[in-house]
There are 6 protein chains.
Amino acid sequence: MFSLTISDHIMIAHSIRGAEFEPAQGLHGNTLVVEVEFRAPALDRLNFLVDVDLAKAELRKVLDVFDYKNLDEVTSLAGQNTTMEFLSRHLHGLLAAACRDGRLGEAARSLTAMKVLLRESPRAWASFEGPIAG
Amino acid sequence: MFSLTISDHIMIAHSIRGAEFEPAQGLHGNTLVVEVEFRAPALDRLNFLVDVDLAKAELRKVLDVFDYKNLDEVTSLAGQNTTMEFLSRHLHGLLAAACRDGRLGEAARSLTAMKVLLRESPRAWASFEGPIAG
Amino acid sequence: MFSLTISDHIMIAHSIRGAEFEPAQGLHGNTLVVEVEFRAPALDRLNFLVDVDLAKAELRKVLDVFDYKNLDEVTSLAGQNTTMEFLSRHLHGLLAAACRDGRLGEAARSLTAMKVLLRESPRAWASFEGPIAG
Amino acid sequence: MFSLTISDHIMIAHSIRGAEFEPAQGLHGNTLVVEVEFRAPALDRLNFLVDVDLAKAELRKVLDVFDYKNLDEVTSLAGQNTTMEFLSRHLHGLLAAACRDGRLGEAARSLTAMKVLLRESPRAWASFEGPIAG
Amino acid sequence: MFSLTISDHIMIAHSIRGAEFEPAQGLHGNTLVVEVEFRAPALDRLNFLVDVDLAKAELRKVLDVFDYKNLDEVTSLAGQNTTMEFLSRHLHGLLAAACRDGRLGEAARSLTAMKVLLRESPRAWASFEGPIAG
Amino acid sequence: MFSLTISDHIMIAHSIRGAEFEPAQGLHGNTLVVEVEFRAPALDRLNFLVDVDLAKAELRKVLDVFDYKNLDEVTSLAGQNTTMEFLSRHLHGLLAAACRDGRLGEAARSLTAMKVLLRESPRAWASFEGPIAG
């Protein structure tokens, strides 16, 4: 199995409902380093897994919806508790759709799985991995 | 599949019997950066995988048995060659028991697997992963 | 010249007035990794620069005022544009006072300078360094 | 499942045919940090997964063929587009053969899988994982 | 003294004349992580040291001349042995000129010094620091 | 001012007398990542600050005295409390002598200063910097 991973980051505010850890219930914020790992069992005829520049550009487009925002006020996240775990899956969904729609190029249609990992600090990170097929 | 990882570290002395690399047979030591990855296929109703603060506190309790110690003299490790590989599995066993006993909260009972990774230097690390069920 | 550095982190929300980069003017947030470097030309008779555990505890106390907060609503920062540069100097002031007051132990009274560095992402960080004398 | 990972690096020049990203088609270069993860379901009687010093030495031997070279002129890579993805699999093949031939010691014959990961920058990396059996 | 640092990277090929270490004399390559630290004794009235977005954009422009290139064929480097040490000073010169010319904004005219650091591997890096005044 | 830094690491056991933090008084251990920064105001005619390969080899020789050892039993450290701060200066002394003796090559005789930094964990490190002249 092959993988190719790209990394970027966002800077967001949010609050976390129902956290056992009380302080997190107030409005605070995070730098979230985002690592997206694409996986496929084979490479194309030029030995590429995915067009890394298209992938970086599409990741940036997806992140722009959240970057420099207060997630408590982002419409597409309304009603959600925006934990790292949830955000990993949410980004996975948006990027998997981009792969299926051909926005990452033809090679990306052969990808089988993807993992989205979010680092919130040197001491805690979360991820979601799953198939790209909808 | 979701994951959530927390990180801490310990500073231990030990010697390694039977190492091909002779110098390791003498008493020396390591800073071991400990990364514990919890895995589950679903989140709870508040989008949490595990209570991260309970997890950090329980990890610290488990590590306190070894931190600032000479492992050659720790009773629970008697007779063992304390390689990184062994210590990864040993910590995995202690933390899996904590999950099963409810010491990481109710959500932790839904965890399916765990990976314990120990970094001994920028150039070498080891891990053990396995189910949480005993 | 000797130095000893300790590291911790905070997770804060804030907005930045007058930023050329428009998006930063909205409420967003950061994980700020905080590195505090203490400096002195000599060590004490036991070869210590400062009591590292007292220093870590005092740093945590200072950071607790800001951690998990919206800085736009923290009284002691009222009227300030909370850039990384400003926050570095602000934390420097609080920690230098702690040194002068003996809250980091007697050894800390011999420290001559301190540098506070804040990492907001893998791609940007800021610092303030200056004497400890008020 | 146990793992043990070692890390080293090489500094190579190459060009990439057919890259959508035009500049990569010219001759340029990379520092490639190489991480090799060995996996096995059990440890030997001394709690080792593999002889880490033999592994490091063999990895260095394998890397010496490419280190400080222009990959466009390395005979064993002739005709290949030397993407990170391809190089990961190529190194995997060379190291798996070393395991099967006993060059990493007897313990290495019990290894079941291996992952080779190449970091080309803080923002992009690739890997190949597969069985050691030829 | 305040500092603000930004980071980017380039991927270059080159050869090194007269290196005691023979292999470096052949054509090889590097990923060079570039860290640029700007320094000034005071902040502007909005608590900024420099406009970080202008600085990032100007750094990228300066790096584009070298990124994805064989430095042995870059006209502006003709006759130079492109060691990390040399490249640090060369980039320092280009960026200092940008500051003096106002390409980093008015605030940048108050900067007093700059340090350019190049990381070629996890085990070696080099820097040049000096005043911004020409 | 130019700098060139190389990095290596050692794995040592030791105990710390008189530590306020009681557990450190028992025998424990550390992985110490060692970063040595060489400084000079000018480069040689080939644009080198120091022969990096000679420097790496000499650093390794100096570290071999301590690597995989219990520092409480190393003769040259007898009677010393082996804090990070002390060890930074001790290594500085050994490496400065190597520079003066010509063991790092002729270029190293032009070096003016050196900084030795020891990282004991992701959260604490120490350094000593001073002139190379004896």
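Rules behind the numbers
- Residues numbered from 1 in each chain as written.
- Chains lettered and ligands numbered in written order.
- Predicted model: local features only at pLDDT ≥ 70, side-chain atom pairs only at ≥ 80, totals over all residues.
- Heavy atoms only, no water.
- Helix = DSSP H or I, 4+ residues; strand = E, 2+ residues; numbered from the N terminus.
- Rg over C-alpha atoms; globule rule 2.2 N^0.38 Å.
- Buried < 20%, exposed > 50% of the residue type's maximum accessible area, 1.4 Å probe, protein only.
- Contact = heavy atoms within 4.5 Å.
- Areas by Shrake-Rupley, 256 points an atom, 1.4 Å probe, with all protein chains shown as cover.
- Lys, Arg positive; Asp, Glu negative; His and termini not counted.
- Charge placed at Lys NZ, Arg CZ, Asp CG, Glu CD.
- Buried area = accessible area lost by both parts, 1.4 Å probe.
- Salt bridge = Lys/Arg side-chain N within 4 Å of Asp/Glu carboxyl O.
- Polar contact = N/O pair within 3.5 Å; in protein donor to acceptor, adjacent residues only side chain to side chain.
- Pairing = 2+ DSSP bridges.
- Least-squares fit on C-alpha atoms with pLDDT ≥ 70 in both.
- Expected span 1.5 Å × (residues − 1).
- Axes fitted to C-alpha atoms, helices over the stretch in contact; angles between N-to-C directions.
- pLDDT = per-residue confidence, 0-100.

## Quick notes on the overall build of chain A
Here is step 1: On a plain count of helices and strands, chain A comes out with 2 helices and 4 strands.
Here is step 2: The order of α-helices and β-strands along chain A, N terminus first, is β-β-α-α-β-β.
Here is step 3: A compact globule built from 134 residues would reach a C-alpha radius of gyration of about 14 Å, and chain A, at 16 Å, matches this within 12%.
Here is step 4: If one aligns the C-alpha atoms of chain A with their principal axes, the spans along those axes are about 55 × 30 × 25 Å.
Here is step 5: For chain A, the proportion of its 134 residues judged to be buried stands at 60%.
Here is step 6: Considering only contacts within chain A whose residues lie at least 6 apart along the sequence, 66% involve residues at least 24 apart.
Here is step 7: When the accessible surface of chain A is totalled, it reaches about 5100 Å², and 53% of it is carbon and sulfur.
Here is step 8: Charge centroids of chain A, computed over 14 positive and 18 negative side chains, lie 4 Å from each other.

## Observations regarding the interface of chain F and chain E
Accessible area lost upon the coming together of the parts serves often as the stated size of an interface.
Here is step 1: Residue-level contacts link 18 residues of chain F with 21 residues of chain E.
Here is step 2: Interface area for chain F against chain E, summed over the two sides, is near 1700 Å², with a carbon-plus-sulfur share of 50%.
Here is step 3: When the area that chain F buries against chain E is broken down by residue, the three leading residues are M1, F2 and N47 of chain F, summing to 30%.
Here is step 4: Between R123 of chain E and D8 of chain F there is a salt bridge whose closest N-O contact spans 3.6 Å.
Here is step 5: Counting across the chain F and chain E interface gives 9 residue pairs in polar contact (both at pLDDT 80 or more).
Here is step 6: Looking at the side of chain F that touches chain E, the elements with two or more residues in it are β1 (2-14) and α1 (52-64) of chain F.
Here is step 7: Here strand β4 (residues 124-131) of chain E pairs with β1 of chain F via 5 bridges, running antiparallel. Pairing of A124 of chain E across the sheet is with I6 of chain F, part of β1 of chain F.

## A short note on the side chain of D51 of chain A
Here is step 1: Secondary-structure assignment places D51 of chain A in the loop between β2 (28-40) and α1 (52-64).
Here is step 2: Salt bridges are absent for the buried D51 of chain A, whose nearest opposite-charge side chain, K56 of chain A, sits at 9.1 Å.

## A few points about the environment of A96 of chain F
All names here are of chain F.
Here is step 1: For A96, the location among the structural elements is in helix α2 (residues 84-100).
Here is step 2: Classification of A96 as buried rests on a relative accessible area of 4%.
Here is step 3: Between the alpha carbons of A96 and A108 there is a distance of 9.6 Å; along the sequence they are 12 residues apart.

## Notes on the pattern of salt bridges
Residues and elements named next belong to chain C.
Here is step 1: The tally for this structure, following the rule as stated, stands at 66 salt bridges over all chains.
Here is step 2: The partner of R103 in a salt bridge is E58, and the shortest N-O contact between them spans 3.0 Å. With R103 in the loop between α2 (84-100) and β3 (113-121) and E58 in helix α1 (residues 52-64), this pair connects stretches of sequence that are 45 residues apart.
Here is step 3: Given the relative accessible area of 37%, R103 is considered partly exposed.

## Examining the pairing of β3 of chain C
All names here are of chain C.
Here is step 1: With respect to burial, β3 is a largely interior element, 8 of its 9 residues being buried.
Here is step 2: Inspection of the sheet shows β3 paired to strand β4 (residues 124-131) by 8 bridges, in the antiparallel sense. In the sheet register, L117 faces β4, and the bridge partner there is S127.
Here is step 3: In this structure, the hairpin formed by β3 and β4 is closed by a connection of 2 residues.

## Regarding the interface of chain A and chain C
Here is step 1: Across the contact, 20 residues belong to chain A and 20 residues belong to chain C.
Here is step 2: Interface of chain A and chain C: buried area, both sides summed, is about 1600 Å²; carbon and sulfur atoms make up 68% of it.
Here is step 3: For chain A, the biggest contributors to the area lost against chain C are M11, L27 and Y68 of chain A; these three give 34% of the whole.
Here is step 4: Linking chain A with chain C are 0 salt bridges, by the criterion used here.

## Quick notes on the relation of the copies chain A and chain C
Here is step 1: Overlaying chain A on chain C yields an RMSD of 0.0 Å, the required transformation being a rotation through 180° with an accompanying axial translation of 0.0 Å. Expressed as an axis order, the relation between the two copies is that of a two-fold axis.

## Re α2 of chain F
Here is step 1: Between the first and last C-alpha of α2 of chain F there are 24 Å, a value that for 17 residues agrees with the 24 Å anticipated at 1.5 Å per step.
Here is step 2: Most of α2 of chain F sits out of view: 12 of its 17 residues are buried.
Here is step 3: Every buried residue of α2 of chain F is listed here: M84, E85, F86, L87, S88, L91, H92, L95, A96, A97, A98 and C99 of chain F.
Here is step 4: The inward-facing, buried residues of α2 of chain F abut β1 (2-14) of chain C together with β2 (28-40), α1, β3 (113-121) and β4 (124-131) of chain F.
Here is step 5: Phi turns positive one or two residues past the end of α2 of chain F, at G102 of chain F, with a value near 80°.

## Digging into the relation of the copies chain F and chain E
Here is step 1: After a rotation of 120° and a shift along the axis of 0.0 Å, chain F superposes on chain E with an RMSD of 0.0 Å. The superposition of one copy onto the other is thereby described by a three-fold rotation axis. When C-alpha positions in chain F are compared against the rotation axis, the closest is assigned to P122 of chain F, at 8.9 Å.

## Notes on the sheet that holds β4 of chain E
Here is step 1: Taken in spatial order, the 12 strands of this closed barrel run β1(C)-β2(C)-β3(C)-β4(C)-β1(E)-β2(E)-β3(E)-β4(E)-β1(F)-β2(F)-β3(F)-β4(F), and their pairing is antiparallel. Each strand axis lies, on average, 25° off the axis of its neighbour in the sheet, ignoring direction.
Here is step 2: Each of β1 and β2 of chain F is contacted by α1 of chain F, which is oriented at about 20° to β1 of chain F, the strand it contacts most.

## Topic: the confidence of the model for chain A
Here is step 1: Overall, the prediction assigns chain A a mean pLDDT of 94, with 98% of residues at 70 or greater.
Here is step 2: Reported confidence for the predicted complex is 0.95 by ipTM and 0.97 by pTM.

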